[in-house]
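Notes for the structure review
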Amino acid sequence: MAATPPVPPPPSLKVAELSPLETATIPPTATATPSPLPSPTLTPTLARREFIESYEAKVAPTSFLPGRGPVLPGEFVYAGRRLDFYVGRGTFSADQVRDLAVKAEYALGYLQRRFDVELTERVSVGFYNPALAPTSDTRGIAYTYDRTNIRIFYRPNEDTYQALVILTHELAHALQAEAYGREAQAQADLVLLEGLATWISGEYWLSLYDAPSFQARARELYNAGYRGNLAVFANSANSMAAYEMWAGFVEYLARTYGWDKFNELYANGRGRAPGSANYRGIYGKSFQELYTEWYATLR
C-alpha cells in the first residue's frame, strides 16, 4: 500500500526501429496520454519556468537504481540515475533527448516527493515519431504490466517542454504501479488512474495553464461547460480536460476524506470503466453523489 502522500495547500546501441505492429495494440495495463490542445496559456508562467528549471542550481538526486531498464527500439543515448533513454527516427535529436533526460531525472525527484513513493526498478523511456503511436492523438504511453517502459511520440520540430510534461504524467503511472501493485493498477477505475497521474504531475501539468491548483483548473473547466456525468468525460473531444477534471476530483477526495480511503478505493478497483470503483463501499456515497458534492465547491 502506498504511504500516505500529502495534499498540497490550495494556493527518456542502434537496434531495429519500432514497427507499426509493436504499437498497434495497447495492453490493458498500458496507459495512453493524448496531446494537449492548443492554448493561449500553453507557455508556462515565469514563476513555474523557474520552478521547473531550477534543477540547474541543485545537486543531483541522491537515489540511484543499478542495472539497466528494458531495452527499447532506437538508439540508447543516456543512462540517468533511475531512467534510461532511447531515441528513434523522426523525433527529437539525441542531444535534445539527453537534455530532456536530465530534466526528467529532476522531475522524477519532485514526483516521488509529491506522491511519497519511489521507483524500485529502472524505467526506460523512448522517444519516437507520432506515426508510430497507436492512435493519431497519442503523445505518451506507460507500459506497466511487466518492467515499466514509456514511449513518447513527438516530431523533430515540436515543443520539448510539452514532451517533458507528458513524460511526467507517464512517470506518475510508473509510481502508481509501485504504490498499489501492477495487478491493482490493471483494474483501476479510469477516473482514478488518469486523475491521480495528472495530480502527481503537479506543477509540471499546471504549468500549461494559468491555474494555481487542480481545483482552480477544474473550476475554469466547469464554468466552460464541463459538468454533468464525470465518467462521460472519457468520451470528450478534449481528453486533456477530462484528465484535469479527474485530477480535481482526486484532489477533492483526498483533501476531504483522506488518502487512506482513496488508496483503498484505488487498490480495490473493479475494472477500467470510468466511475466503476466501489465508491459507496469506501465512502458510503455513490460516484454520482461524490462528484455532485465536489461540483458544488466549483460554483
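Per chain, residue numbering runs from 1 following the sequence as it is written. In keeping with the model being predicted, local features are shown solely for residues with a pLDDT of at least 70 and side-chain atom pairs are shown and tallied solely at 80 or more, while totals for entire chains, interfaces and linings include all residues. Excluded from the side-chain calculations are hydrogens and water; all other atoms, namely the structure's heavy atoms, are used.

What to know about the overall build of the chain
Segments assigned H or I by DSSP are reported as helices when at least four residues long, segments assigned E as strands when at least two residues long, and all are numbered from the N terminus. A tally of helices and strands in the chain yields twelve helices and six strands. Under the scheme applied here, a residue whose accessible area is under 20% of the maximum for its type counts as buried, over 50% as exposed, and between as partly exposed, the area being computed with a 1.4 Å probe on protein chains only. Counting over 299 residues, the chain shows a buried share of 55%. Only the protein chains shown count as cover for residues, with accessible areas throughout obtained via the Shrake-Rupley method and a probe of 1.4 Å. Counting only carbon and sulfur atoms, one obtains 53% of the accessible surface of the chain, whose full area is about 12,300 Å².

A few points about the environment of Arg139
On the secondary structure map, Arg139 appears in strand β5 (residues 138-143). When its relative accessible area of 9% is taken as the criterion, Arg139 is described as buried. Sequence-wise, Arg139 and Pro34 are 105 residues apart; in three dimensions their C-alpha atoms are separated by 5.2 Å.

Details of the pairing of strand β4 (residues 123-128)
A large share of β4 lies buried, amounting to six of its six residues. Bridging between strand β3 (residues 83-87) and β4 involves five bridges; their strand directions are parallel. Note on β4: the bridge partner recorded for Phe85 is Val125. As paired elements, β4 and strand β6 (residues 149-153) share five bridges and run parallel to each other. The residue of β6 that forms the bridge with Gly126 is Arg151. Each pair of strands is called paired provided DSSP finds at least two bridges between the two strands.

Observations concerning the packing of helix α4 (residues 160-180) against helix α6 (residues 190-201)
Packing of α4 against α6 leaves a shortest axis separation of 8 Å and a crossing angle of 115°. In the crossing of α4 with α6, the sense of the turn from one axis to the other is right-handed. Residues Val165, Thr168, His169, Ala172, His173, Leu175, Gln176 and Tyr180 of α4 form the contact with α6, whose own contacting residues are Leu193, Glu194, Leu196, Ala197, Thr198, Ile200 and Ser201. Angles here are taken between N-to-C directions and fall from 0 to 180 degrees, while the axes themselves are lines fitted to C-alpha atoms, restricted in helices to the stretch in contact. By convention the crossing between two helices is left-handed if the near helix lies anticlockwise of the far one by an angle smaller than a right angle, and right-handed if it lies clockwise. Contact between two residues is taken to exist if any of their heavy atoms lie within 4.5 Å; hydrogens are not considered.

Topic: the side chain of Asp189
Along the chain, the position of Asp189 falls in the loop between α5 (182-186) and α6. Buried charge without a salt bridge: Asp189, with Arg270 as the nearest opposite-charge side chain at an N-O distance of 7.8 Å. Among all residues touching Asp189, those that are not within four sequence positions of it are Gly271, Arg272, Ala273, Pro274, Gly275, Ser276, Ala277 and Tyr279. In this tally, Asp and Glu contribute negative charge and Lys and Arg positive charge; neither His nor the terminal groups of the chain are included. Salt bridge, as applied in this entry: a Lys or Arg side-chain nitrogen positioned within 4 Å of an Asp or Glu carboxyl oxygen.

Quick look at the packing of aromatic side chains
Pairing of aromatic rings covers Phe, Tyr and Trp, the last through its six-membered ring, and needs centres within 6.5 Å; plane angles under 30 degrees mean stacked, over 60 mean edge-to-face, and all others mean tilted. Scanning the model with the defined rule gives 23 aromatic pairs in all. Through a chain of ring-to-ring contacts, three or more aromatic side chains come together here, namely Tyr222, Phe249, Tyr279, Phe287, Tyr291, Trp294 and Tyr295. The side chain of Arg114 reaches across the aromatic face of Trp199, ending 3.8 Å from its centre. Note that Arg217 overlies the ring of Tyr209, its terminal NZ or CZ placed 3.8 Å from the centroid. Lysine and arginine charges are scored as sitting over a ring when NZ or CZ, respectively, is within 6 Å of the ring centre and within 35 degrees of the ring normal.

Focus: the confidence of the model for the chain
Per-residue confidence from the predictor is reported as pLDDT, which spans 0 to 100. When pLDDT is averaged along the chain, the result is 85; 80% of the residues meet or exceed 70. Counting contacts from residues 1-28, a segment whose pLDDT is below 50, to residues more than four positions away or on other chains yields 69 contacts. Taken together, the stretch residues 38-44 has pLDDT below 50 and engages in twelve contacts with residues farther than four places along the chain or on a different chain.

Some points on the pairing of β3
Extensive coverage of β3 is indicated by the burial of five of its five residues. Residues Leu83, Phe85 and Val87 point to one face of β3 and Asp84 and Tyr86 to the other, with burial holding for every one of them. As defined by bridge partners, strand β2 (residues 75-79) adjoins β3 across four bridges and the pair is classed as antiparallel. Counterpart to Tyr78 in the pairing with β3 is Phe85. Adjacent in sequence and paired antiparallel, β2 and β3 are bridged by three residues.

Concerning α6
To estimate how far a helix should reach, multiply one less than its number of residues by 1.5 Å. Here α6 is twelve residues long and its end C-alpha atoms lie 16 Å apart, about the 16 Å a rise of 1.5 Å per residue gives. Most of α6 is tucked away, with eleven of its twelve residues classed as buried. The complete set of buried residues in α6 reads Val191, Leu192, Leu193, Glu194, Gly195, Leu196, Ala197, Thr198, Trp199, Ile200 and Ser201. After α6 finishes, the residue Gly202 shows a positive phi value of roughly 55°.

A word on the pattern of salt bridges
Taken as a whole and assessed by the stated rule, the structure comprises 13 salt bridges. Across the pair Arg98 and Asp95 runs a salt bridge, and its minimum N-O distance is 2.6 Å. Of this pair, Arg98 and Asp95 both sit in helix α3 (residues 94-115), three residues apart, roughly one helical turn. One salt-bridge network, in which partners are shared between bridges, spans Arg68, Asp84 and Arg122.

Some remarks on the side chain of Glu244
The residue Glu244 is located in helix α9 (residues 239-257) in this model. Classification of Glu244 by relative accessible area gives buried; the value is 1%. Within the structure, Glu244 has its side chain in polar contact with the side chain of Tyr209 (distance 2.7 Å). Not counting residues up to four positions away in its chain, the partners in contact with Glu244 are Trp205, Tyr209, Arg217 and Leu221. Whenever a nitrogen or oxygen atom comes within 3.5 Å of another N or O atom, the pair is scored as a polar contact, on the condition that within protein one atom can donate a hydrogen and the other can accept it, and that pairs from neighbouring residues in sequence are kept only if both atoms are in side chains.

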